[in-house]
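Inside the fold
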Amino acid sequence: MARRCTLNRYLLLMAQEHLEFRLPEIKSLLSLFGGQFISSQETYGKSPFWILSLPSEDIARNLMKRTVCAKSIFELWGHGRSPEELYSSLKNYPVEKMIPFLHSDSTYKIKIHTFNKTLTQEEKVKRIDALEFLPFEGKVNLKKPQHIFSILEDYGLDPNCIPENPYNIYFGRWIADGQRELIESYSVKKRHFIGNTSMDAGLSFIMVNHGKVKENDVVFDPFVGTGGLLIASAHFGAYVYGTDIDYNTVHGLGKASRKNQKWRGPDENIRANLRQYGLEKYYLDVLVSDASKPSWRKGTFFDAIITDPPYGIRESTRRTGSQKEIPRGIEKWPESHVPVSLSYHLSDMFFDLLNFAAETLVLGGRLVYWLPVYTPEYTEEMVPWHPCLKLISNCEQRLSSHTSRRLITMEKVKKFENRDQYSHLLSDHFLPYQGHNSFREKYFSGVTKRIIKEEKSNQE
Amino acid sequence: MKLLTHNLLSSHVRGVGPRGFPLRLQATEVRINPVEFNPDFVARMIPKVEWAALLEAADTLHLVEVPKEPIEGYENDETFLRKMHHVLLEVDVLEGTLQCPESGRLFPISRGIPNMLLNDEETET
């Protein structure tokens, strides 16, 4: 049996949240480190256990320095659907690969994790003892072992239907944990400067990973708000730019978003947020600017554009231009100048965003953005398209019974030739997007229907 | 506003096109902000810089020791990179204006943040 190249098998233990977002995150990160997603598993779906083949442990470690979707990675030594299958699989694992970690000068410990079932201490010890046949020559050290081995037992995903025996058992050498602790340390609850729609820290990091952001990249967020996505990008070493049409938000003025706070303090702006996390050196600039009328000179400046555009519900969608539309409750401060804004049709916004990305991204650079969707009418054709950008992934997050948003990741694969060349192509394609224009209407119509229904049932 | 940013900005007043670059810088308050030197990042930015515009802006701010052009082998020249690092990233214009060279329109900079918003009539269709 010929081996194409030496690939080793690893077991990824995934976190059980944002399920659809996990595979694109891992794939994007592997390609960032020169690896590829190779697996013999057919589907991943809901399972937290993923077996991957990678050419080196370095790639595995680099992956874990970035991922917030994976909890841990193990060098897989054996697995099976029963203890017997596991032991026989372990006996087939090349001894020369085991020896470096089991020799007499080393210290180790064996842990056991069970998923969807609790074992007694006695049961755990029994399973560990059953592995005595492995050539462990080192000393057990429970406090600070050099090597940690783990038995992982999979009892399925249904807490109401726990099997007597596990569906799968894995044994491997622990290599590294992922970055899930970032979710807590960067939590919006602790952040100095927040807005009404500040994104959950976990999703911010997922977006940055989908965007393949790396050290020394220049990342831009055209709808920057309070800068959450810039913080996540800066954490991984990217230098950041942001723009927003809202003067007060960019300057950190106006009413606070925190419950018991009336006005924002002097320490509340994007730069201060980066400073809070020791990331101020990555702050390039933020500007008050209309994303539909960008102020950049001609050129490809951005390695990634990572953004959460307004959906028109919690934040108003605005742009400058003449129209007799009454702006919604904009705080006016003496210094600020907020020109008359007209309602920015969502489909225009995505058209502008994709065109802008196609023009200003470096070749190979990525655009990552949220697309709001009225679920009952969603079809794949609705996802905005551009001849220079290739669709990499499309992940759904449900927001309510009839709305969701999709995280769209696109990669620039073709040089941008000419602005006018694309406009006729795209305007035809975007006509079916009335869904986006009336996203706000549909969202509120759903709410209205529900209220009417509740009132009816109260009367009965 | 950093000089790197100034170097990337252009006026988008209707009809102005590429003649909107570079914006004429005028500063009433400037601060020197020490930023950790990262030679790899600075080296990456060098090819993006429009040198004439950078020199003009540096001159307006009376900066000294500004390299006149990228030298050969700049990627490994620490002296050059440190000078560029200072000019591009450590000089911060806090208050001032950016002026469209074609239309004369002024964009204010306040608290280090440029305001590029245009009025209805000025916007490019």
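Here, every reference points to the structure presented above.
Okay, so let's go over this structure. As the structure is a computational prediction, the values presented were derived from the model and not from experiment.

With 37 residues of chain B at the interface, the matching set in chain A holds 36 residues. Approximately 3200 Å² of surface area, both sides summed, lies buried where chain B meets chain A, with 54% of it carried by carbon and sulfur atoms. Considering only the side of chain B, the residues that lose the most area to chain A are B:L8, B:I113 and B:L117, jointly responsible for 21% of the buried surface there. Our count for the chain B to chain A interface comes out at four salt bridges. A:R271 is paired through a salt bridge with B:D92; the nearest N and O atoms lie 3.3 Å apart. Taken together, chain B and chain A are joined by 21 residue pairs in polar contact (both at pLDDT 80 or more).

Let's shift gears to the sheet that holds strand β4 (residues 113-114) of chain B. Within a sheet, each strand pairs with its neighbour through backbone hydrogen bonds, oriented either parallel or antiparallel. Residues and elements named next belong to chain B. Across the sheet, which stays open at both edges, the four strands sit in the order β1-β2-β3-β4 with antiparallel pairing between neighbours. For this open sheet the edge positions go to β1 (24-32) and β4, each flanked by a neighbour on one side alone. Where strand β3 (residues 106-110) meets β4, two bridges bridge the pair, whose relative direction is antiparallel. In the sheet register, S110 faces β4, and the bridge partner there is I113.

Below, the discussion takes up helix α2 (residues 57-64) of chain A. Residue and element names in this part refer to chain A. Within α2, the full set of buried residues consists of I59, A60, L63 and M64. One side of α2 carries all its buried residues, which in axial view fall inside an arc of 135 degrees. Contact partners of the buried residues in α2: β1 (8-14), α1 (19-32), β2 (49-54), β3 (70-80) and β7 (168-177).

Here we take up the sheet that holds β7(A). Residue and element names in this part refer to chain A. Pairing in this open sheet of seven strands is mixed, and the strands run β2-β1-β3-β7-β6-β4-β5 from one edge to the other. With one partner strand each, in any of the chains shown, β2 and β5 (139-140) form the two edges of the open sheet. As defined by bridge partners, strand β6 (residues 147-154) adjoins β7 across six bridges and the pair is classed as antiparallel. Within β7, the position partnered with E153 by the bridge is I169.

Residue and element names in this part refer to chain A. A large share of helix α7 (residues 201-210) lies buried, amounting to ten of its ten residues. Restricting attention to buried positions, one finds in α7 the residues A201, G202, L203, S204, F205, I206, M207, V208, N209 and H210. N-capping of α7 is provided by D200, with a side-chain oxygen placed 3.2 Å from the backbone N of G202. K212 sits one or two residues past α7 and shows a positive phi near 55 degrees.

Cut-offs and rules
Residues numbered from 1 in each chain as written. Chains lettered and ligands numbered in written order. Predicted model: local features only at pLDDT ≥ 70, side-chain atom pairs only at ≥ 80, totals over all residues. Heavy atoms only, no water. Contact = heavy atoms within 4.5 Å. Buried area = accessible area lost by both parts, 1.4 Å probe. Salt bridge = Lys/Arg side-chain N within 4 Å of Asp/Glu carboxyl O. Polar contact = N/O pair within 3.5 Å; in protein donor to acceptor, adjacent residues only side chain to side chain. Pairing = 2+ DSSP bridges. Helix = DSSP H or I, 4+ residues; strand = E, 2+ residues; numbered from the N terminus. Buried < 20%, exposed > 50% of the residue type's maximum accessible area, 1.4 Å probe, protein only. Arc of directions from axis to C-beta.

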